[in-house]
Amino acid sequence: MVNDGEAIYHMILDSPEDDVPRLVYADWLEENEQPDRARFIRLQIELEKYLPEERPPAIIQEVDELLSAHRSQWIPTHEPQLRFHFRRGFLEQVHTSIPVFLREASRLFTNWPILTFVPSGNGYFDQLVGSPYWMRLRRFWGNAALQEYDILRWADPKLSHLVELSLHHCGF
């Protein structure tokens, strides 16, 4: 039997770009004696209203303090090859090699609203764009290992689902 918190969390996973389920989940957390987690979600959503250079330092400091105090609770994996970043209160960005990403993708997408992937290392781009998880990503931040021909081969429609494609670290 699914409890209310699990049902709301599944709404977040089903609609990872929608803040409403995230705020509903924050309310549920508050009602269920997890005020720090609720506050963290609300504050990170609040930060999204600002340009990065205009974000209030007091909010940034509070977010950093909450994350520092609870990081081990809120990131339930200790896989050294995976690095995560929170956005809008949840693990949304993963940094790792493409082979590790593909190996862990099922678990990542089942448990967190992953929207951004930042690859490390060389190669495997064809396997990435050929995987079912590629289409679930909304942001891809390439690195220096990404070659121009990889991008050209990915031509539409394999890029059309992305809302952000960052290649500034690729050297072209």
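Refer to the preceding data block for the structure.
Please read these numbers as outputs of a predicted model, since none were measured by experiment. Sequence order as written defines residue numbering, which begins from 1 separately in each chain. In view of the model being predicted, local features appear only for residues whose pLDDT reaches at least 70, and side-chain atom pairs are presented and counted only at 80 or more, with totals across whole chains, interfaces and linings using the full set of residues. Excluded from the side-chain calculation are hydrogens and water; included are all heavy atoms of the structure.

Turning our eyes to something else, we now look at the pairing of strand β1 (residues 83–87). Each residue gets one of three labels from its accessible area relative to the maximum for its type: buried under 20%, exposed over 50%, partly exposed in between, using a 1.4 Å probe on protein chains only. To qualify as a helix, a DSSP run of H or I must reach at least 4 residues; to qualify as a strand, a run of E must reach at least 2; elements of each kind are numbered from the N terminus. Residues Phe84 and Phe86 point to one face of β1 and are all buried, whereas Arg83, His85 and Arg87, pointing to the other face, are not buried. A pair of strands is considered paired only if DSSP assigns at least 2 bridges between the two. Summarising the sheet, β1 and strand β2 (residues 90–97) pair through five bridges and their orientation is antiparallel. Of the residues in β2, the one forming a bridge with Phe86 is Leu91.

Once that is clear, we can look at helix α5 (residues 98–111). Here the expected length of a helix is defined as 1.5 Å per residue gap, with one fewer gap than residues. An ideal rise of 1.5 Å per residue puts 20 Å on 14 residues; α5 measures up with 19 Å between its terminal C-alpha atoms. The largest bend in α5 comes to about 60 degrees, at Glu104. Residues of α5 that are buried: Ile98, Val100, Phe101, Glu104, Ala105, Leu108 and Phe109. Where α5 is buried, its residues meet α1 (4–14), β1, β2, β3 (116–120) and α6 (125–130). N or O atoms within 3.5 Å of each other form a polar contact, as long as, within protein, one can give a hydrogen and the other can take it, and as long as residues adjacent in sequence are counted only when both atoms are side-chain atoms. Among the residues of α5, the N-terminal cap falls to Ser97, whose side-chain oxygen and the backbone nitrogen of Val100 are separated by 3.3 Å. Note on bend: the value at a residue is the angle between axes fitted to the seven residues ending there and to the seven starting there. In what follows, a contact means two residues having at least one pair of non-hydrogen atoms within 4.5 Å.

Within the chain, Glu33 stands out as a residue other than glycine whose phi angle is a positive 60 degrees. On the secondary structure map, Glu33 appears in the loop between α2 (19–31) and α3 (35–47).

Turning to the packing of aromatic side chains, a few remarks are in order. Given two aromatic rings, one states the distance between the centres and the angle between the planes to describe the pair. In this analysis, rings of Phe, Tyr and Trp, with Trp reduced to its six-membered ring, are considered paired at centre separations within 6.5 Å, and the interplanar angle assigns stacked below 30 degrees, edge-to-face beyond 60, and tilted for intermediate values. One pass over the full model with this rule turns up 13 aromatic pairs. Arranged with centres 4.8 Å apart and planes meeting at 40 degrees, the rings of Phe40 and Trp74 form a pair that is tilted. One end of the pair, Phe40, is in helix α3; the other, Trp74, is in helix α4 (residues 57–74), and 34 residues separate them in sequence. Residue Phe40 shares its accessibility class with Trp74, and that shared class is buried. Summarising the aromatic geometry, the rings of Phe117 and Phe140 are spaced 6.2 Å apart at their centres and angled 50 degrees between planes, so their arrangement reads as tilted. Placement of Phe117 in strand β3 and of Phe140 in strand β4 (residues 139–141) is noted, with a sequence separation of 23 residues between them. Given the relative accessible area of 0%, Phe117 is considered buried. A relative accessible area of 0% places Phe140 in the buried class. Ring pairing ties together the aromatic residues Phe101, Phe109, Phe117, Tyr133, Trp134 and Phe140, which thus form one cluster. The ring of Trp74 carries Arg37 above its face, with NZ or CZ at 5.1 Å from the centroid. Above the face of the Phe90 ring, Arg37 is positioned so that its terminal group lies 4.9 Å from the ring centre. The criterion is that NZ of a Lys, or CZ of an Arg, lies within 6 Å of the ring centre and within 35 degrees of the ring normal, and then a charge sits over that ring.

A few words on the nonpolar core. By convention a nonpolar core is built from buried Ala, Val, Leu, Ile, Met, Phe, Trp, Tyr and Cys residues, the set being connected through side-chain atoms within 4.5 Å. Counting residues in hydrophobic clusters, the biggest one holds 42 residues, and the most contacted among them are Tyr25, Phe84, Val94, Phe101, Leu108, Phe117 and Leu137. Residue assignment for this core shows that the elements contributing at least two residues are α1, α2, α3, α4, β1, β2, α5 and α6. In contact with Phe101, other than residues within four places in its own chain, are Val94, Thr96, Leu108, Phe109, Phe117, Leu128, Tyr133 and Leu137.

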